Structure formats: C-alpha cells, structure tokens
Amino acid sequence: SGFYELNKIMEIARSRLPNNSWLQGRLRSNMNINNSCNAYWNGSINFYREGNGCGNTGEIAAIFDHEWGHGMDRYDVTSGIADPSGEGIADLYSALRLNDSCIGRGFYLSRKCSGCISCTGVRDIDYMKKSGSPFTHSNAKSSCGSSVHCIGVVYSEAVWDLYKRHLQSPPYNYDDNTAMEIVTRMTYIGAGNVANWFSLNGTPGSSGCFSNSGYHAYLAADDDDGNLNNGTPHMNAIFTAFNEHQIACPTSYDVKDSGCPNNPNSPPIVIQVISSDAQVTLTWASVNNAVKYEVLRTEGVHQCAQGKVLLGEVSASDQLTWTDTGLQNGREYYYIIVPKGQSDSCYGPSSSCIAAIPSEGPYLMSCPNDSVVFNLKYTTSPNTRQCTIEASSGWSGTVNFACSTSGTFSGVSCTVPSSIYLSGNSALLDLTIAAGTSATEGDGTVTLTATGGGYSTIFSTDVLAGNYGIAQMASYSNGSPMCATYGASCDSGTLLDGRGTRGPEENQPNTRDGVDCDGDSGTYHSDESLDRLVVRSLNGDDMIEGTTVEIEATVWAWSTGSSDTLDLYYSNSNDMSNPNWQHIVSKTPSGGGQQIITAQYQLPEGLNHVIRGNFRYSGSRSYCSRGSWDDADDLAFVVRPLALDTDSPTGSPTASPSESRVPSSEPSLHPSLTPSTSPSRQRSALPSTKPSSEPSLTPSISPSKKPSLKPSTEPSLNPSLNPSMKPSSSPSSSPTLPTSRPSVSPSTSPSQSVEPSFEPSDSPSSSPSTMPSLLPSSTPSLAPSLQPSANPTFWPSYLPSLRPSESPTSSKNPTRVPTTSVSMEVLRLI
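Reference entry: report on the structure contained in this document. (Residues numbered from 1 in each chain as written. Predicted model: local features only at pLDDT ≥ 70, side-chain atom pairs only at ≥ 80, totals over all residues. Heavy atoms only, no water.)

Overview of the overall build of the protein chain
Then, in step 1: A count of helices and strands for the protein chain gives eight helices and 36 strands.
Then, in step 2: Classification of the 830 residues of the protein chain by burial places 53% in the buried group.
Then, in step 3: If you take every contact in the protein chain between residues at least 6 apart in sequence, the share linking residues at least 24 apart comes to 69%.
Then, in step 4: Total accessible area computed for the protein chain in this model is approximately 33300 Å², and 48% of it derives from carbon and sulfur atoms. (Helix = DSSP H or I, 4+ residues; strand = E, 2+ residues; numbered from the N terminus. Buried < 20%, exposed > 50% of the residue type's maximum accessible area, 1.4 Å probe, protein only. Contact = heavy atoms within 4.5 Å. Areas by Shrake-Rupley, 256 points an atom, 1.4 Å probe, with all protein chains shown as cover.)

A closer look at the nonpolar core
Note that soluble globular proteins tend to have their nonpolar side chains buried in a common cluster.
Then, in step 1: Counting 103 residues, the largest nonpolar core has Trp68 and Trp284 as its most contacted members.
Then, in step 2: When residues no more than four places from it in sequence are discounted, the contact partners of Trp68 are Leu6, Ile9, Met10, Ala13, Trp22, Leu23, Leu27, Ile45, Tyr93 and Tyr188. (Core = buried A, V, L, I, M, F, W, Y, C linked by side-chain atoms within 4.5 Å.)

Notes on the packing of aromatic side chains
Then, in step 1: One pass over the structure, following the stated rule, counts 22 aromatic pairs.
Then, in step 2: Their ring planes at 75° and their centres at 5.6 Å tell us that Trp68 and Tyr93 sit as a pair that is edge-to-face. With a gap of 25 residues between them, Trp68 in helix 2 (residues 61–74) and Tyr93 in helix 3 (residues 87–98) connect regions that are remote in the sequence.
Then, in step 3: The buried category is assigned to Trp68, whose relative accessible area is 0%. (Phe/Tyr/Trp six-rings, centres within 6.5 Å; stacked < 30°, edge-to-face > 60°.)

Some words on the state of the cysteines
Defined simply, a disulfide is a covalent bond joining two cysteines at their sulfur atoms.
Then, in step 1: Enumeration over the complete set of coordinates arrives at eleven disulfides.
Then, in step 2: Cys37 shares a disulfide with Cys54; S-S distance 2.0 Å. Note on the Cys37 and Cys54 pair: the S-S dihedral is about 95°, so by sign convention the disulfide is right-handed. With a gap of 17 residues between them, Cys37 in the loop between strand 1 (28–36) and strand 2 (39–41) and Cys54 in the loop between strand 3 (45–49) and helix 2 connect regions that are remote in the sequence. (Disulfide = S-S within 2.5 Å.)

Some thoughts on the sheet that holds strand 20 (residues 442–452)
Then, in step 1: The five strands lie next to each other as 14-21-20-16-18, forming an open sheet whose pairing is mixed. Bordering the open sheet on either side are strand 14 (372–375) and strand 18 (419–423), each of which pairs with just one other strand. Taken over all neighbouring pairs, the strand axes of this sheet differ in orientation by 25° on average, direction set aside.
Then, in step 2: For strand 16 (residues 396–407) and strand 18, the ladder comprises five bridges, and the chain directions are antiparallel. Residue pairing in the sheet places Val399 in a bridge with Ile420 of strand 18. (Pairing = 2+ DSSP bridges. Axes fitted to C-alpha atoms, helices over the stretch in contact; angles between N-to-C directions.)

Looking at the side chain of Ser156
Then, in step 1: In this fold, Ser156 is placed in helix 5 (residues 148–166).
Then, in step 2: You can call Ser156 buried: its relative accessible area is 0%.
Then, in step 3: Side-chain polar atoms of Ser156 contact the backbone oxygen of Val153, separated by 3.3 Å.
Then, in step 4: Beyond its immediate chain neighbours, meaning those up to four positions away, Ser156 contacts Gly88, Leu92 and Ile125. (Polar contact = N/O pair within 3.5 Å; in protein donor to acceptor, adjacent residues only side chain to side chain.)

Some words on the sheet that holds strand 7 (residues 279–284)
Then, in step 1: Reading across the sheet, the three strands line up as 6-7-10 and stay open at both edges, with antiparallel pairing between neighbours. The open sheet is flanked by strand 6 (270–276) and strand 10 (321–325), the only strands paired with a single partner. Averaged over all pairs of adjacent strands, the angle between their axes in this sheet comes to 10°, without regard to strand direction.
Then, in step 2: Relative to strand 7, strand 6 runs antiparallel, the two being bridged by six bridges. Opposite Ser276, over in strand 7, you have Gln279 as the bridge partner.

Quick look at the packing of helix 1 (residues 2–16) against helix 6 (residues 176–190)
Then, in step 1: One way to put it is that helix 1 packs onto helix 6 with a least axis distance of 10 Å and a crossing angle of 80°. One way to sum up the angle between helix 1 and helix 6 is to call them roughly perpendicular. Across the interface between the two elements, Ile9, Ile12, Ala13 and Arg16 of helix 1 pack against Glu181, Thr184 and Tyr188 of helix 6.
Then, in step 2: When grouped by side-chain class, the residues that make up the contact of helix 1 with helix 6 number four nonpolar, one polar and two charged. (Parallel < 35°, antiparallel > 145°, perpendicular 65-115°, else oblique. Nonpolar A, V, L, I, M, F, W, Y, C, P; charged D, E, K, R; others polar.)

A few points about the packing of helix 5 against helix 8 (residues 235–244)
Then, in step 1: The contact between helix 5 and helix 8 brings their axes to 8 Å, and the two run at 130°. The pairing of helix 5 with helix 8 is recorded here as oblique in orientation. As for how helix 5 packs across helix 8, the hand of that crossing is right-handed. Residue-level contacts link Ala158, Val159, Asp161, Leu162 and His166 of helix 5 to Ala237, Ile238, Thr240, Ala241, Phe242 and Glu244 of helix 8.
Then, in step 2: Taken together, the residues of the contact of helix 5 with helix 8 sort by class into seven nonpolar, two polar and two charged. (Left-handed = near helix turned anticlockwise from the far one by under 90°.)

Digging into helix 8
Then, in step 1: Taken together, the buried positions of helix 8 are Met235, Ala237, Ile238, Phe239, Ala241 and Phe242.
Then, in step 2: Where helix 8 is buried, its residues meet helix 5, helix 6 and helix 7 (214–222).
Then, in step 3: Count one or two residues on from helix 8 and you reach Gln246, which has phi positive near 65°.

None of this, on its own, says anything about what the molecule does.
Okay, here's the thing in structure tokens:
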C-alpha cells in the first residue's frame, strides 16, 4: 500500500538524513483521483485510478517513491526543485529504493514504455535496456525541447551507471549491495546540495563545471579529507559515469582515486544470529583494517536486493554485535554488515545477506514496565518487581538470567536469581533495583536478559535518580485552590472544572479577591471554561523563588477555538488575598474542545504566589473580562526560599498562617510524580531528558522498526480550514443572559486547489485542452498545512475539502470559509 511504501522510503531517508525536518512531518497522499495515466506532486502527492490502458498509480511502489522524491528534492539543503529538471532525482530515489531502473513498472497494462526492451513503467534509466547508448547532454539539447522528464534522464542514467557498472567493474569490483550503499550515501548527501544538475545551455562535455553541479556534489559526498584537489576514493568512477553523459568537468580537478589506505578487503562473516521475541541479534567476526561496521536492514520479497535502512554503526574496538529491537514476530527481515575504513567514504565488501525471523521462543518473559524513580533527597528502599517466566507449549528446561545497569547515574545496581528451571509451567522472578547511599543523579536503564533453549530475550526499564521535589495537589482555601506546601508542582486537579453555574464549577468563582468574573451563558463542555491550572518547575526539583516555572492550563474551547483567548497573569504581591496582577501572555487555543495551553514565567521574590487564567470569548486582554462566556480562576501556591539549604522549610503562607509548609508526613520513598487523582494530561515533574520506555508515536530520527499496519490517526477531512472569527463588538455585559454569540466575520483561509487534468501524450485517450505547466515554478509557494510527514494520511479525492455546515449545541453558528487557491509547483509523473 501507499502507506507502507511511503513510510519505508521515509524511514530509509531519515536513517541517512536524521536532521532533515521535512522527514519528521506529515505527508498528505490523495488516492483514487478520478482520472487516469498520471500522478503528481504539488506539496502533497496525488495518484490516479486505473483506466485508458494504465494501472492505478496508487498501487505502484515506484510511483509512490518517485512522487515522494520530488518532496525530498524540494526540502533538501538547497531548497526548491533542482534545474534543469527535478525528474531525474525523483527517478533515482525510486530506483535506489527498489533496485529497479524501470520507473513505475506496471504503469502500462499491455505495452512497454517508449524505446524500452522490457520496462512497463513510464521510462527506464538504464540505457542498456533501451538503445544501448548513453543518453547525453547533446541528445537532450536536440530532442527534449522543454520536457523535464526527457532532460532528467541525462543525469539519472549517469548515477545508475555509476552504481551498476563503474563501481562493480575493475579496479573496484564491489558487490551489488556495497555499490548500492556507496551510491545511496552519495545521493542522499550530494543531491541535497545540487541547485542545477548540469547547464542545459552549456557546452556538452563541460556542462558540470560550475560549483554546485551534480558532478561536483557527488565528488564532495565521496571525498574523504575535505580536499578534492588530491582526488576522492571513487573519483574515476564518478567522472567516467558523468562524462559519458557529457555532464562532468574534465578541467576542475585532476581525476584520480585517492584516500582509504589499508581499506578492508574482505566481507564480514556473520557467526551467530539469535532470533527472539520482537528482536534479532547479529554477531560477526572482525575484518582486517576495519575501523567500524555499518548495520543495514530491509524486508520484502527482494530480500537484500533493495534499499536499506541504516540502523547504525559499531566501532571495531567494541563487541561486534547488534541487536535490532521493536520488530514484528513472524516477519522475515534481511541484514548486511558493511566494513568501513578510515572515513565514511571508505567501503569494504559487504557481508552476505542474512535472513532472520523474530519469534516468541520456548518461553515468555513479562515484567512491569513502569519506570523506577529514586528520590535521593530521602532514604530510598530497593525496588523489587516480579517478572513472570512462562513456558510455551509444555517446554521444559533451564532459563539463565543476568541483569545490568547503564546510564549517567552511579551507585545504582540490580540483582536477579541466576536461573530457574521450567517444566511446562510458569515461575516468578524477583528483579531488585537499588540505589546505594553514594548514588548520584542521572538516568539510565536496567536490562534483564534471559537465555535458554537456544533462545534469548531481554527486558529493559528506565531508571531515574535525582533530587526531586514532590508534586502537590491543591485543596480549596481562602477563595481558590491552593497548595500550602512547596513542591515540584501545584495542581488544581478537578477543583476548577466548569464555569460558574455551567458544570457547575466547584467553589465558584475561585478567585483570591472574591470577585466573580464568570459568565453563565452556554453549555458545559460545549462553550468556554477554564478547567484546570498546573504550575511546575522546569527541572523536577522544588519550585524556588526567582526561578522560571511553567503554567499548564486545560481549557474547553468553543467551535474551532479561534475566537477564544487565554490571558495568563501572576501576582507579584506576597499578599495572596490582594493580588497585584502582572500580564504573562495571551494565547489562542489550537482547536476546539479540550485544549492544553502552556507558558513560562519567572517567579518573583517571596514565598506566596498566585496565578490567574482568564479564558474569554473575543474581547480584549483582561484579568477579569466578565464576558457572558468568560471564565477566570486562580491557583495559589508557595515556593521554596532561594537560600534554603535544608529539607525543612521555614515560614508559612500569609494567607493561611495555621498551615505548615513542612510535609505532615515523610514523603514516599518512590513518589509518584503525577498525582493519582489527576487527569491523564498531567505531566511528570521529572526532567525532560527522561528516556521513554515506550516508542515515540511521532516519527523520529530513529524510526520505528515494526511495520505499521494502519495509520495511527484518522485522516482529517478539513486540514487547516477552520474559520478565524473576530467579533464586530464586545459581548454584552448586561445582566440579561444572551442567547447567541455576538456577530462574527470570517476571514478567509487559503486551501489547496489543483485540478489533476494531464494525461501522457502517448495515452490512448485525449488530453484536456488546458493543463498545468510541466516545469516547476522558479519561486514555488508552499502552504504550511501541506508540510509532509512520516505518517502519510490518505484523503480520497471525492471527499469535500470543507465540512458541511454544522450546528453546535450552543446557539452560535460560525460562517464557513470559502476556498482560496494558492500558487503551487506541480510536478507530474510523465
């Protein structure tokens, strides 16, 4: 499917370009557009149905990869589509992913592409499978005209020749897997710096002589020492490939191979493959002169003969083993190990292709996976968790155990029984983790390994050790929720939920000065309310006067949220009952319904503090706007003195002299950093660097290794089309409750409007008289809402671009926004 293939090529790209921000975003993919014989990129990627002798382009992997390649070209180091054609690099990304020079195999249902021997795609970038002669710059000038697809073949053939011919011939004689990795690396690194692959109007034979040409970009990517004047490890091969197509530069540098002395010259031998639960461990023998080894993985029917994800590197001085985790049991994966010399451009021959299928094995091990937290401010007791070891299908045998710790802390240890014998049954295993009296702050991991019956599995859990404050839950006191004891955070919990009589809000109006700022119009959790306030330190320690803290406000926004604003204030008065309000920030929610809004501010001097949130519909900034749909609430809290060096605070809040600031009981030795009564949105007071024990749901620099079977989110039918509303006047403050919102005027919001209406000239059907230009815009404009991502969503073309009018439960009905076209580059498949 498109979802699978697009995620695969993006995973490959992220492993090569981990800092490219475009690869971390969302990519919109439109399937089954009611047309045939094409596909195109215009900020999203778009695919046509089967018809007129052409297959469904939304079912062809190479076409997915080609259209994605335009996005990679658009968002690489040199922003914009490369000249004189961006089609060649899109073809190369596709060909290197699938190891196939036929671009879009299966596009034509009953014939081959023009001049092709066997390719049923739109074109073939291997000249030996067409005319037998390289397609040169001269050929392009004489026969291509303005066809960017024709022009792009000049340099796509050159790079393909580099991979399939010149690197696999003397003096290099690389195997196919190694040659592919060399060219894949050059392409992902080099192509990003290309503004113009060659000068179309230049002289054939020297049209690559300017600084940012394709030829020079590939030399720079291949260079081993930052000096092209002394050659590169594969300069002869690069020059020959580009020169055969008349797009090299014979005068820029003396062409010579250099670098990579004492390079590895033999392939690594994989000596052990252990497949276990959701993981595979590879171990290999050392290779002479290897400085490090790259580990690469792929999957699918072509086994290792296709593009691969670069999993990582292992230094030759380390243990030569790699464990690939997060895999899907029962699915076959393929690996190669590539030895490297003194630089990333120095390659030795790759290992043979290794196949492995992770499986559950003869026994299962399961352990509680919650993180272990040691608060070093207090005496800590060991943390013991029971793991269950269960035999599968009556298996009998001995299971051996070992545990280890790693991380930035010291003084943290673990113990576990050395072995357990299973006889078709299950057993409990105690894993004990302890922080000694000399333990230091830091975070890390405890790993438990079980081996037996030719099978191995591991369990890991995160461990944090630090001097953490305690999360405090507020209780109602003197007009609002209040935390009378200092800690790492203060949370109103559910005390502010609702607005005035809408909810109703407990202890309304929840203001320290007793002023009622709440409106009583509308419906609970359909119209506005400020439901929760949390204030917390940034480092997980106690909040201290003079330091920066974060406010987290949970609000309920009406409609799209665009007409609502949260005004945040703090008091710099040490008298909680008489606040002196200072504005922090005003923010609009990002959508309707429950939303989280955060802001930071520096605590003033003093121990007693109050923050206020004023959530309003329209109107102007205020700490008490008193609108009919507005809600203002306070949260009071105390902080630790700046000069306090002991765990026993002094003083007490002026608003409640009887309440001690010292905890009434010894805090938990393993405190929960999120109160048990808090909603799930409460964030931990731990440092932000805490490693996650669960995989990220957002594509990352290290992509998920388990294949996704379906999108993680439902596709939105109206991205970035919510109206922005501004009332023509402030809502009435009359005692009579209004029955509807003040009138609002919508502001237009641009949306994408592109008519897919081009068919190839050799299609059996006729093409419309009007069609978009095939040349990319020189100054393309890209709407922010079209930023691609690692999780493509699929919106069929027959779905409306705007939701139909709807009536919220309240009496206010926003006017919907008309569609407005924006300028967009359109790059078509053929």
